[in-house]
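# A look at the structure
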Amino acid sequence: MADSPQYKRVLLKVSGEALMGGQSFGVDVSVADRIAADIAEVRAQGVDVGVVIGGGNIFRGVAVASRGGDRVTGDHMGMLATAINSLALRTSLTRLGVDAVVLSAIAMPQICESFSQRKAMAYLNAGKIVIFAGGTGNPFFTTDSAAALRAAEIGADVLLKGTQVDGIYAADPKKDSKAARFDRITHEEMIKQGLEVMDMAAIALTQENNIPIIVYSIHEKGGFAKIIRGKGRFTLVSG
Ligand code: UDP
C-alpha cells in the first residue's frame, strides 16, 4: 500500500536551530507546537517515535572553548540546553494531548526521568513519544551522535534528520545555488566526500548498524508524515 507508513519505529533528530524559528536565540513556541503537531500526525499512524533535540539555539560547548574556557564545562552547558528544548517539545506535545516522556542521559530527577534503554523500549512499546535529552551524556559528542546511538538502542528502522534544507547537497545550497543535490547516497560516500550533514561519528555508527538516514526539511508542515509514507523530498542514505 503506497500510502501506509513504511516504518514501524523511527528516531527523529531535530536541531536546536530549528526551534528558534525567526528568533536569534531560544525557543519559538509556535515552531515547537508545529513540530509537535507533525510528530503527533506520525504517531497517529501507529509509528513509534523517539526524538533527539539539539541545543545549538541556546548553547554550544565549542563557544566556551573558542574563548579559552573549559570545553567539558561548555559541553555540559550544551547538554543542559538540550534538556530545555526537550521540555519545550514535551510541553507542546502534551498540549496536543499526546503522551510524551523526556528521558535524560544526565540525571536530573526533579525535572525528568533518567535514560535507560529498557525504559525507552517500554514507553515506545506503550505508544508514547520518547524525547531523549542530554545528548549522549558525554562531552566531545554531538546530538547527531546521540541520535545515531539512540536509534541503534531502540531498534529504529530509520534515523530522520530534519534540517534547514530538503536533502543533502554537495555544497551548502544557501551559499551555492548550483550545488548538486543527492536523492540517494551511501554512508561510505558521505564519509568519503566529507559531507557535513551529520558528524562522522554519527554516520559511522548508523553505517555499522545498518540504519538508513533520511535528510529532509523540518520546515515543511506535515513533511514528517509524508516522508514516513515514502513521499516528499528527501535524501536517503543507505547501503
Ligand atoms: N553535547 C555534548 N554531548 C552530546 C550532545 C551534545 O557535549 O552527546 C553538547 C555540545 O556542547 C553541543 C551542545 O551540547 O554543542 C548542543 O548540541 P548540538 O550542537 O549537537 O545541537 P544542534 O546543533 O543539533 O542544535
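Residues numbered from 1 in each chain as written. Predicted model: local features only at pLDDT ≥ 70, side-chain atom pairs only at ≥ 80, totals over all residues. Heavy atoms only, no water.

### A word on the overall build of the protein
For the protein, the count of helices and strands is 9 helices and 11 strands. In terms of overall size, the protein behaves like a compact globule, its C-alpha atoms giving a radius of gyration of 17 Å where 239 residues would be expected to give roughly 18 Å. Once the C-alpha set of the protein is aligned to its principal axes, its extents read approximately 45 × 45 × 35 Å. In the protein, which comprises 239 residues, the share counted as buried stands at 50%. (Helix = DSSP H or I, 4+ residues; strand = E, 2+ residues; numbered from the N terminus. Rg over C-alpha atoms; globule rule 2.2 N^0.38 Å. Buried < 20%, exposed > 50% of the residue type's maximum accessible area, 1.4 Å probe, protein only.)

### Examining the sheet that holds strand β10 (residues 213-217)
Spatially, 9 strands are ordered β4-β3-β5-β2-β1-β6-β10-β11-β9 in an open sheet, and the strand pairing comes out mixed. Edge positions in the sheet fall to β4 (113-114) and β9 (184-185), since each has one partner strand and no second. Bridging between β9 and strand β11 (residues 235-237) involves 2 bridges; their strand directions are parallel. Paired with Arg184 across the bridge in β11 is Leu236. Packed onto the sheet, helix α4 (residues 71-95) meets β2 (48-53), β3 (100-104) and β5 (129-133) and runs at close to 165° relative to β5. (Pairing = 2+ DSSP bridges. Contact = heavy atoms within 4.5 Å. Axes fitted to C-alpha atoms, helices over the stretch in contact; angles between N-to-C directions.)

### Comments concerning the pattern of salt bridges
Once the charged atoms of two side chains with opposite charge are near each other, the side chains can pair. Overall, the coordinates contain 18 salt bridges when judged by the stated rule. Here Arg71 and Asp75 are joined by a salt bridge, their closest N and O atoms 2.9 Å apart. Highlighted residues: Arg71 and Asp75, both in helix α4, separated by 4 residues, approximately one helical turn. Residue class for Arg71 comes out partly exposed when judged on its relative accessible area of 26%. The salt bridge involving Arg233 is made with Asp166; its shortest N-O contact spans 2.6 Å. Note that Arg233 is positioned in the loop between α9 (223-228) and β11 and Asp166 in the loop between β6 (158-163) and β7 (168-169), a separation of 67 residues in sequence. On the basis of relative accessible area, Arg233 is assigned to the partly exposed category, the value being 48%. Residues joined by salt bridges that share partners form a network here, namely Lys8, Arg9, Arg43 and Asp48. (Salt bridge = Lys/Arg side-chain N within 4 Å of Asp/Glu carboxyl O.)

### Some remarks on the pairing of β6
Judged by how many residues are buried, β6 sits mostly within the fold: 6 of 6 residues are covered. Judged by which residues are buried, β6 turns out to be covered on both faces: Val158, Leu160 and Gly162 on one side and Leu159, Lys161 and Thr163 on the other are all buried. Bridge count between strand β1 (residues 9-14) and β6: 5 bridges; the pairing is parallel. By the bridge assignment, Leu12 is partnered in β6 with Leu160. Judged from the 5 bridges that link them, β6 and β10 form a sheet pairing that is parallel. Across the sheet, Thr163 pairs through a bridge with Ser217, a residue of β10.

### Some words on the packing of aromatic side chains
Applying the stated criterion across every chain yields a total of 2 aromatic pairs. Measuring from ring centre to ring centre gives 5.8 Å for Phe115 and Phe132, while their planes differ by 70°; the resulting arrangement is edge-to-face. Here the residue Phe115 occupies a position in the loop between β4 and α5 (117-125), and Phe132 occupies one in strand β5, the gap between them amounting to 17 residues. Assessed through its relative accessible area of 1%, Phe132 is described here as buried. Between the aromatic rings of Tyr216 and Phe224, the centroid separation amounts to 6.5 Å while the plane-to-plane angle is 15°, which identifies the pairing as stacked. You'll find Tyr216 and Phe224 in the same group, each marked buried. Looking at Arg150, its charged tip hangs above the ring of Phe115, at a distance of 3.6 Å from the centre. (Phe/Tyr/Trp six-rings, centres within 6.5 Å; stacked < 30°, edge-to-face > 60°. Lys NZ or Arg CZ within 6 Å of the ring centre and 35° of its normal.)

### Concerning the pairing of β5
With 5 of its 5 residues buried, β5 lies for the most part within the structure. Neither face of β5 is left uncovered, since the one carrying Ile129, Ile131 and Ala133 and the one carrying Val130 and Phe132 both have all their residues buried. Alignment of β2 against β5, held across 3 bridges, turns out to be parallel. For Val52, the partnering residue across the bridge sits in β5 and is Phe132. Here β3 pairs with β5 via 5 bridges, running parallel. In the strand pairing of β5, Val102 is matched with Ile131.

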